[in-house]
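Read off the chains here:
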Amino acid sequence: MGKEQSHIIVNRNFVKGEIDKRIYGSFVEHMGRVVYTGIYEPSHETADEDGFRRDVLDKVKEMGVTAVRYPGGNFVSCYDWRDGVGPVENRPRRLEIAWRAIETNEVGTNEFMKWARKAGIEPVFAVNLGTKGIENAVSLVEYCNMEGGTYYSDLRKEHGVEIPYGIKTWCLGNEMDGDWQIGHKTAQEYGRLAQETAKAMKQVDADIKVVSCGSSKSDMKTYPDWEAETLKYTYPYVDYISLHQYYGGQEMGTESFLSQSLDMEDYIKTVIGTCDYVKAWHRSDKTIYISFDEWGVWSVPDKEVAASVDASPWQVAPHLSEQIYTMEDALLFAGMMMNFLKYADRIKIACQSLLTNISAAIMTKEEGEVWVQPIYYPFMHMANYGSGKVLQGVDEIPAYDCALRKQVPYVDYVVVHNEEKKEVVLFAVNRMEGEMAEIALELQGFEAVRVIEHVTMHSLDKKATNLENHERVKPEQSDTSSLAQGVLTSRLPALSWNMVRIAI
């Protein structure tokens, strides 16, 4: 059955949604080595005048990252932003409760914004609704966005930043549904606090967009009641609801492991439905969009992360959860990321977690090299070539049953029409182990000219990593795609990631 050809039809006029460039976002949290010796290492040979590693900045730009969420994550729920501004020598060293580390506060709001400008990314800031609340959030908006003439805006000027940052997107806390969160709340408690915080923040800057906390993962016992309950409070005052999701389970076997991107798709559809239910409940004409601002593949069991934190607590920038990704992991990662394209009509922000060293695409060695993991490449391809409109596909694709679910398509795909570049781009994963997949993509309403390139990434060893040999798993050019009479025929290697660009 796996050898049967997959048939896909797309039509120029049948558009699923317009892609928001912010879905190609990432996440920088004060956790482990994400900040210190990740993006920031003043003693490194490539460090610039502000202490940021130029080699990392180059990889971030090549990756195509457009937005970055900061400063957390669990970290934000016991963080006072005031600790991270002003003269560095006067900043306090704090116990960082979430990850049981020491936070030096050497990098804070103004340092991150310098880095953001160098990286060319849009900042997405989170406020502390765990141990702090309305006043702390409002004062940060004032510090960042007010012109001047007030206490906190003038304080920013004293700190050497004359022009306000104008940060537009703000997250109301982090994973407040989780009992692991410092300041965890019930849906009603969070809903009321988030409602009043959003109202107050928009009093300071009416132009900001605000993100209400959704579920931390699809298997939370409170999901999807959390969305329904919290949005009853926050719906009139917020613009997005956040979702988070990580998948592990590599030990289940490849078929089940790769099928988890379908669970993520169900998660997205359920939350969209819940948002629209609350929209009707409020008799509102406003649509709430999704910020999937934390997502990734997780390969280290939570108990091992907890054990690592407990074994050597209260270090500065400890080595924590520095996961090494395989070719197999990259395929699930790609499938998860393609979901943001498939639901581009409702998902407007997404932040891969994390940018450096922890569940990361980019890895650094202290005082040493930078290298990229297999997951880097699907992100880079979609971020650099996945812009424009997502086309609604009609398909007939052979499928398999596995322990987790039935009817999992062997080929996962999404098709994008980039009018500016005059091309149609097919992104596809072949979930078949040991068998090449053949697909026929019919392009209706296009004058298809030629195949620009077919880039593929695969390995004979699905557990191959880039740890020892940094070039072991990487994309290569393929000659297995051809175009005839408006139909693209492609052969996709077993367990592979693919991008096929077609000139129109």
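See the structure shown above.
Right, let's walk through the structure included here. The model shown is predicted, which means the values in this text are computed figures rather than measured ones.

Conventions adopted
- Residues numbered from 1 in each chain as written.
- Predicted model: local features only at pLDDT ≥ 70, side-chain atom pairs only at ≥ 80, totals over all residues.
- Heavy atoms only, no water.
- Pairing = 2+ DSSP bridges.
- Helix = DSSP H or I, 4+ residues; strand = E, 2+ residues; numbered from the N terminus.
- Axes fitted to C-alpha atoms, helices over the stretch in contact; angles between N-to-C directions.
- Expected span 1.5 Å × (residues − 1).
- Buried < 20%, exposed > 50% of the residue type's maximum accessible area, 1.4 Å probe, protein only.
- Contact = heavy atoms within 4.5 Å.
- Phe/Tyr/Trp six-rings, centres within 6.5 Å; stacked < 30°, edge-to-face > 60°.

## Section: the sheet that holds strand E24 (residues 481-484)
- Taken in spatial order, the five strands make up an open sheet running E16-E1-E21-E25-E24, and their pairing is mixed. Lying at the two open borders of the sheet, with one neighbouring strand each, are strand E16 (394-396) and E24. For this sheet the average axis-to-axis angle between neighbouring strands, irrespective of direction, equals 15°.
- As paired strands, strand E1 (residues 6-11) and strand E21 (residues 437-444) are joined by six bridges and run parallel to one another. Its bridge partner lying in E21, Ser-6 is registered against Ile-439.

## Description of helix H3 (residues 134-145)
- Spanning 12 residues, H3 covers 16 Å between terminal C-alpha atoms, matching the ideal 16 Å at 1.5 Å per step.
- Within H3, 10 of the 12 residues are buried, which leaves it mostly tucked inside the rest of the structure.
- Among all positions in H3, only Asn-136, Ala-137, Val-138, Ser-139, Leu-140, Val-141, Glu-142, Tyr-143, Cys-144 and Asn-145 are buried.
- The inward-facing, buried residues of H3 contact helix H2 (109-119), strand E7 (122-127), helix H4 (151-158), strand E8 (169-172) and helix H5 (187-204).

## Things to note about the packing of aromatic side chains
- Inspection of every chain in the model, using the stated rule, returns 22 aromatic pairs.
- On the numbers, 4.0 Å between centres and 5° between planes, the contact of Tyr-70 with Phe-112 is stacked. Highlighted residues: Tyr-70 in strand E4 (residues 67-70) and Phe-112 in helix H2, separated in sequence by 42 residues. One exposure class covers both Tyr-70 and Phe-112, and it is buried.
- Arranged with centres 5.4 Å apart and planes meeting at 70°, the rings of Tyr-246 and Trp-298 form a pair that is edge-to-face. On the criterion of sequence distance, the pair formed by Tyr-246 in strand E10 (residues 240-247) and Trp-298 in the loop between strand E11 (289-297) and helix H8 (302-311) is long-range, its members being 52 residues apart.
- We classify Tyr-246 as partly exposed; its relative accessible area is 23%.

## Here we look at unusual backbone geometry
- Residue Gly-73 follows Gly-72 across a cis peptide bond; omega there is 20°.
- Examined against the element boundaries, Gly-73 turns out to sit in the loop between E4 and strand E5 (94-96).
- Residues Ser-353 and Leu-354 are joined by a peptide bond in cis, for which omega reads 0°.
- With respect to the helices, strands and loops of the structure, Leu-354 is situated in the loop between strand E12 (347-352) and strand E13 (362-364).
- Notably, Gln-485 is not glycine yet its phi reads approximately 50°, a positive angle.
- One can find Gln-485 in the loop between E24 and strand E25 (487-492).
- Residue classification places Gln-485 among the exposed residues on the basis of a relative accessible area of 86%.

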